Amino acid sequence: MSNNVVTAFAGGVVSREQKSAFDVFGEEIANAIDRAKAEKVPQGLIVAILHGHDLQETLLMMSD
């Protein structure tokens, strides 16, 4: 990312460090899903676990 480029998401402007952390976070989630699939974890369980974390994080954001 060059110095004159701003990355904006719905939540506002994102720093270079935040974008890097976000990219790593996405890669790690994708890798974890791939490992779970390789171990034959049922897809519905994978989705349920992800949704549970999503719901918990949403509740935390709403309570701030």
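What you are looking at is a predicted structure, and each value in this text was computed from that prediction instead of being measured.

Cut-offs used in this document
Residues numbered from 1 in each chain as written. Predicted model: local features only at pLDDT ≥ 70, side-chain atom pairs only at ≥ 80, totals over all residues. Heavy atoms only, no water. Salt bridge = Lys/Arg side-chain N within 4 Å of Asp/Glu carboxyl O. Helix = DSSP H or I, 4+ residues; strand = E, 2+ residues; numbered from the N terminus. Buried < 20%, exposed > 50% of the residue type's maximum accessible area, 1.4 Å probe, protein only. Patch = residues over 30% accessible without salt bridge, like charges linked within 9 Å, V, L, I, M, F, W, Y side chains within 5 Å. Areas by Shrake-Rupley, 256 points an atom, 1.4 Å probe, with all protein chains shown as cover.

### As for the pattern of salt bridges
Then, in step 1: Tallying each qualifying case throughout the model produces one salt bridge.
Then, in step 2: The residue Lys-19 makes a salt bridge to Asp-23 at a minimum N-O spacing of 3.1 Å. Remark: Asp-23 and Lys-19 occur in helix α1 (residues 16-38); sequence separation between them is four residues, near one turn of the helix.
Then, in step 3: When its relative accessible area of 34% is taken as the criterion, Asp-23 is described as partly exposed.

### Considerations on a nonpolar patch on the surface
Then, in step 1: A contiguous nonpolar surface patch, about 380 Å² in accessible area, is contributed by Phe-22, Phe-25, Ile-29 and Leu-50.
Then, in step 2: Here Ile-29 shows up in helix α1.
Then, in step 3: Given a relative accessible area of 30%, Ile-29 falls into the partly exposed group.

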